[in-house]
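# A look at the structure
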Amino acid sequence: MSDLHVYDTTLRDGAQQEGLNLSVADKLTIASHLDELGVGFIEGGWPGANPKDTEFFARAATNLTLKNATLAAFGATRRAGGAASTDPLVRALLDSQAPVVTLVAKSHVGHVERALRTTKAENLEMIRDTVSFLRGEGRRVFVDAEHFFDGYAVDRAYAIEALRAVFESGGEVAALCDTNGGMLPGQVWDVVTDVTAALGLGSGPDGGASGDARLGIHCHNDTGCAVANSMAAVDAGATHVQGTINGYGERTGNANLVTVVANLQLKVGQEVMEPHRLQEATRISHAISEITNVPAYSRQPYTGASAFAHKAGLHASAIKVDPDLYQHLDPKHVGNDMRMLISDMAGRASVELKAREIGIDLDPLKDEDSALVQRVLATVKDLELRGYTFDAADASFELLLRREIEGSLPDFFEVESWRVITDSQSSGAALSEATVKLTAGGRRVLRTGEGNGPVNALDHALRLALATAYPEIEHLELIDYRVRILDAAHGTDAVTRVLIETSDGETTWETIGVAANILEASWMALVESVTYGLLRAGVPAR
């Protein structure tokens, strides 16, 4: 195993993402997932700066058992003109009981003079005093050199002197931060190479100024290069890399730590994580997306749902012969899987491979199977002409395929009718009420559900109607709903496409409905969603 530090800052820097708000319970759960993934360090937050982070560390002491990672508390160097030993925020770092303390320090003269409003000499003393004090209290100390790359461009000598102050005081890591996210890989490589040489890191048996001294890298993604910049820094000599799960972070986010690790391990051959832990990356990435309530980005490298998805018929024909012909690696290395997308671009191989995914082997040499494939292709292309899009609705295609192969689907329930009423109150609030009549479990059921919109009300009514016969639907949750008008020139008379994403807590699937009436399209997608969920769970028709 490489001795590269893999340092996750999701719970602190990642939590600064717009719209992302984590409770203490959320943070504890995410920390457990990150530990399971195998990261070396988990930055829990800034104790003393806000009550939530202070509570996190207090609860972590008794409620969080880390088997692989070490917990780090984030804070700042002491105030100008004071002493680290009496600074309340520095004391809060000690009170957190975290074995590692990560300090943010200024390395940019402009920030020293205009943001801190102090002198360059005092800033260096703030670094030395705080690092020395925390080391004396038995803490490992890492330092984030804030705005380092921009500071290096303004005053190289001072930026490097700030790092020297870290190591001379006993700091273990000085992480070079591209805080504004404006760097490019070549620039990062040049700076890290120069700094490594200037500080003598890695040049002798002691490895530099303090024996254990190492440079780190902390990149933001404002140029779209956070991962590439992190890779360039490691190539130039950095041995500590910071990032966040799913690339969370303010503005355009931080370096996606899973992508960096996968690149280092699977492309460069630098083993930084036990392979069986990296194989959990997709599951953990999606599990954390559920906690943050930020939809997983389907096109995310390695762990995205589309990362190994193939649509073109030409690709499918080649993949049928050898999957490696159109994949850069085996998706199982990161716990993902190859998917075949079905659309009007699909060929016979696409349908055959999709059938194989669901455990059905179709032999193209058999007349019966060949005819079935042709029927499926004809149906798909006809439906896509009418507005369906099966590459975005895998579950609906699987139901279509099973109907063709098996003749029908399990008769879970039979819908008699449904209706929706929306009533606007005098206060201006509009509430919806839906009534569903169906037969399930041998009984005719009529249920009414309320919601903040007509689709929400239909979803509630359908669940209520099926709950007695199929209690398993309790685990199904509608997590996304998307509408597209297909022929906008027709105005309110246009055909509407609805895509619904549903989760059972472990995975997600998408179903589709197309109709001139938006509620009819929504109902079609809802029914298919529940049908697929019951089928997937192996529930028998009752």
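Let me begin by describing the structure that accompanies this report. (Residues numbered from 1 in each chain as written. Predicted model: local features only at pLDDT ≥ 70, side-chain atom pairs only at ≥ 80, totals over all residues. Heavy atoms only, no water.)

The subject of this paragraph is helix α3 (residues 88-95). Among the residues of α3, those classed as buried are Val90, Ala92, Leu93 and Leu94. Elements in contact with the buried residues of α3: β3 (70-76), β4 (100-106) and α5 (120-136). For α3, the N-terminal cap is Asp87; the gap from its side-chain oxygen to the backbone nitrogen of Leu89 is 3.0 Å. One or two steps after α3, the chain reaches Gln97, where phi turns positive at roughly 70 degrees. (Buried < 20%, exposed > 50% of the residue type's maximum accessible area, 1.4 Å probe, protein only. Helix = DSSP H or I, 4+ residues; strand = E, 2+ residues; numbered from the N terminus. Contact = heavy atoms within 4.5 Å. Polar contact = N/O pair within 3.5 Å; in protein donor to acceptor, adjacent residues only side chain to side chain.)

Going residue by residue along strand β1 (residues 5-8), you find His5 and Tyr7 tucked away on one face and Val6 and Asp8 tucked away on the opposite face as well. As defined by bridge partners, β1 adjoins strand β8 (residues 240-243) across four bridges and the pair is classed as parallel. Note that in β8 the partner of Val6 across the bridge is Val241. Pairing between β1 and strand β2 (residues 41-43): two bridges, direction parallel. In the strand pairing of β2, Asp8 is matched with Ile42. (Pairing = 2+ DSSP bridges.)

The grouping of Val483, Ile485 and Ile518 at the surface amounts to a nonpolar patch, some 220 Å² of accessible area in total. Mapped onto the secondary structure, Ile485 falls in strand β14 (residues 477-485). Take Ile485: its relative accessible area is 42%, and that puts it in the partly exposed class. (Patch = residues over 30% accessible without salt bridge, like charges linked within 9 Å, V, L, I, M, F, W, Y side chains within 5 Å. Areas by Shrake-Rupley, 256 points an atom, 1.4 Å probe, with all protein chains shown as cover. Salt bridge = Lys/Arg side-chain N within 4 Å of Asp/Glu carboxyl O.)

The subject of this paragraph is empty space enclosed by the protein. To locate leftover empty space, one rolls a probe as large as a water molecule over the atoms. Following the criterion strictly, the structure yields two cavities of 30 Å³ or more and no others. Each pocket or cavity is described by its volume, and for the largest cavity that value is around 60 Å³. In this structure, the largest cavity is lined by Asp8, Leu34, Leu37, Val39, Ile245, Leu257, Val258, Val261, Met273 and Leu278. Elements supplying a minimum of two residues to the lining of the largest cavity: α1 (24-37) and α10 (257-268). The element contributing the most residues to the lining of the largest cavity is α10, with three residues. Split into classes, the residues belonging to the lining of the largest cavity amount to nine nonpolar, no polar and one charged. As a volume, the second largest cavity reaches approximately 50 Å³. Broken down by secondary-structure element, the contributors of at least two residues to the lining of the second largest cavity are α17 (454-466) and α18 (518-536). In terms of residues, the lining of the second largest cavity owes the most to one element, α18, which gives three residues. A per-class count over the lining of the second largest cavity returns four nonpolar, two polar and two charged. (1 Å grid on protein atoms, 1.4 Å probe; cavity = no way out; pocket = protein on both sides within 12 Å on 5 of 7 lines; lining within 4 Å. Points joined across faces, edges and corners; volume = space filled by probe spheres on them. Nonpolar A, V, L, I, M, F, W, Y, C, P; charged D, E, K, R; others polar.)

Formed by 91 residues in total, the largest nonpolar core has its most connected members in Val39, Phe148, Leu163, Val195 and Leu215. Looking at this core, the element that brings in the most residues is helix α7 (residues 156-168), giving eight residues. Excluding its chain neighbours within four sequence positions, the residues that come into contact with Val39 are Val6, Asp8, Leu34, Asn68, Ala69, Leu257 and Met273. Ranked by size, the runner-up nonpolar core spans 34 residues in total, among them Val445, Leu462, Ala469 and Leu476. (Core = buried A, V, L, I, M, F, W, Y, C linked by side-chain atoms within 4.5 Å.)

Spatially, the three strands line up as an open sheet ordered β11-β12-β13, and their pairing is antiparallel. Edge positions in the sheet fall to β11 (414-424) and β13 (443-451), since each has one partner strand and no second. Strand-to-strand, the axes of this sheet are offset by a mean angle of 10 degrees, without reference to chain direction. Judged from the nine bridges that link them, strand β12 (residues 430-440) and β13 form a sheet pairing that is antiparallel. The partner of Ala434 across the bridge, within β13, is Gly449. (Axes fitted to C-alpha atoms, helices over the stretch in contact; angles between N-to-C directions.)

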